[in-house]
Amino acid sequence: QVQLVESGGGLVQPGGSLRLSCAASGIRFSNYVMGWYRQAPGKQRELVATITSGSSTNYADSVKGRFTISRDNAKNTVYLQMNSLKPEDTAVYYCNANLPLGFTTRDYWGQGTQVTVSS
């Protein structure tokens, strides 16, 4: 019932741009903190960016100034605009929906979309 579907990944040259989208269904979207995470081969999944219900944002130091996370609650969609892409940005990017419940949280994950930055 709950679905997070990522799109927009692909192959780009260094310095290029991509915009990732994540369409959510089956949740009260506006109540969730939305985030983008990524995982490169042989590495752990890492936080890229998050955006709260009130549209406050946080970014990993490695992407600060290059990536922008945004959300459209009317469309139940979160976006990640990626500019000035570097080869080290190559990874599978995952959409995350997190609901703080006080003593714990509820998490949902998308299946991921591949981003490859290469000449």
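All of these numbers come straight from a predicted model, not from anything done at the bench. (Residues numbered from 1 in each chain as written. Predicted model: local features only at pLDDT ≥ 70, side-chain atom pairs only at ≥ 80, totals over all residues. Heavy atoms only, no water.)

Caption draft 1: Fine view of the packing of aromatic side chains. Under the criterion given, the structure shown has 2 aromatic pairs. Plain terms: the ring middles of Tyr32 and Tyr108 are 6.2 Å apart, the flat faces sit at 50° to each other, and that makes the pair tilted. Of this pair, Tyr32 sits in the loop between β3 (18-25) and β4 (33-39) while Tyr108 sits in strand β10 (residues 105-109), placing them 76 residues apart in sequence. Classification of Tyr32 by relative accessible area gives buried; the value is 5%. Taking 5.0 Å as the distance between ring centres and 65° as the angle between the ring planes, the aromatic pair formed by Tyr37 and Trp109 counts as edge-to-face. On the criterion of sequence distance, the pair formed by Tyr37 in strand β4 and Trp109 in strand β10 is long-range, its members being 72 residues apart. Note on Trp109: relative accessible area 36%, which makes it partly exposed. Residue placement shows Arg45 over the ring face of Tyr94; its charged tip is 3.7 Å from the ring centre. Between Arg45 and the ring centre of Trp109, over which it is positioned, the NZ or CZ distance is 4.7 Å. (Phe/Tyr/Trp six-rings, centres within 6.5 Å; stacked < 30°, edge-to-face > 60°. Helix = DSSP H or I, 4+ residues; strand = E, 2+ residues; numbered from the N terminus. Buried < 20%, exposed > 50% of the residue type's maximum accessible area, 1.4 Å probe, protein only. Lys NZ or Arg CZ within 6 Å of the ring centre and 35° of its normal.)

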